[in-house]
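# Structural features, examined
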Amino acid sequence: VQLQASGGGVVQAGGSLRLSCAASGRTFSSYVMGWFRQAPGKEREFVAGSSQNGGATYYRDSVKGRFTISRDNAENTVSLQMNSLKPEDTAVYYCAADLNYYIRGAPNEYDYWGQGTQVTVSS
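Scoring rules and cut-offs
- Residues numbered from 1 in each chain as written.
- Predicted model: local features only at pLDDT ≥ 70, side-chain atom pairs only at ≥ 80, totals over all residues.
- Heavy atoms only, no water.
- Core = buried A, V, L, I, M, F, W, Y, C linked by side-chain atoms within 4.5 Å.
- Buried < 20%, exposed > 50% of the residue type's maximum accessible area, 1.4 Å probe, protein only.
- Helix = DSSP H or I, 4+ residues; strand = E, 2+ residues; numbered from the N terminus.
- Contact = heavy atoms within 4.5 Å.
- Salt bridge = Lys/Arg side-chain N within 4 Å of Asp/Glu carboxyl O.
- Phe/Tyr/Trp six-rings, centres within 6.5 Å; stacked < 30°, edge-to-face > 60°.

## Digging into the nonpolar core
Core analysis: the largest hydrophobic core is formed by 28 residues, its most contacted members being Trp35, Val47, Phe67, Leu80, Met82 and Tyr93. The set of elements that each furnish at least two residues to this core consists of strand E1 (3–6), strand E3 (17–23), strand E4 (32–38), strand E5 (45–50), strand E7 (67–72), strand E8 (77–82), strand E9 (91–98) and strand E11 (117–122). Phe36, Phe46, Ala96 and Tyr110 belong to the second-largest nonpolar core, a separate cluster that totals 5 residues.

Shown next as structure tokens:
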């Protein structure tokens, strides 16, 4: 599967952005989908994940209540709605696909990656 992320940009603290990830292929609904981010000089970290049908989601603690992951299997897309953004959310955001049954948090467990989209939150 090929993934294309979009929707990044520059926003002031407290603002919102919506990231989207479009997937090619007819097996999108077979994948757990995740969003990761990587800030300069830091390791890539898990942000949010969605089960294959969207019925289960998981978030890192620092984004709970602010970010929402959702997917549309008919459109082969997964989105990340980000509200109440903080400067520490600044990073390149990546979508990723995992054939495993469970939502996992380690980047090396994901099989496919999008190219990344920059999110910058100014204070």
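## Structural notes on the environment of Glu43
Looking at where Glu43 falls in the secondary structure, it is placed in the loop between E4 and E5. The sequence separation of Glu43 and Pro107 amounts to 64 residues, and the corresponding C-alpha distance is 9.7 Å. Leaving out residues up to four positions away in the same chain, Glu43 has contacts with Arg37 and Gln38.

## Observations regarding the pattern of salt bridges
For the structure shown, the criterion picks out 7 salt bridges. Across the pair Glu45 and Arg60 runs a salt bridge whose closest N-O atoms are separated by 3.5 Å. With Glu45 in strand E5 and Arg60 in the loop between strand E6 (57–59) and E7, this residue pair connects regions lying 15 residues apart in the sequence. Residue class for Arg60 comes out partly exposed when judged on its relative accessible area of 26%.

## Digging into the packing of aromatic side chains
One pass over the structure, following the stated rule, counts 8 aromatic pairs. A centroid spacing of 4.9 Å and a plane angle of 80° characterise the contact between Phe36 and Tyr110, whose relative ring orientation is edge-to-face. Of the two residues, Phe36 is situated in strand E4 and Tyr110 in the loop between E9 and strand E10 (112–113); the sequence distance between them amounts to 74 residues. By relative accessible area, which is 0% here, Phe36 ends up buried.

## A short note on the environment of Thr27
Looking at where Thr27 falls in the secondary structure, it is placed in the loop between E3 and E4. Through-space distance from the C-alpha of Thr27 to that of Val1 is 7.8 Å; in sequence the pair is 26 residues apart.

Nothing here speaks to function; it is all geometry.
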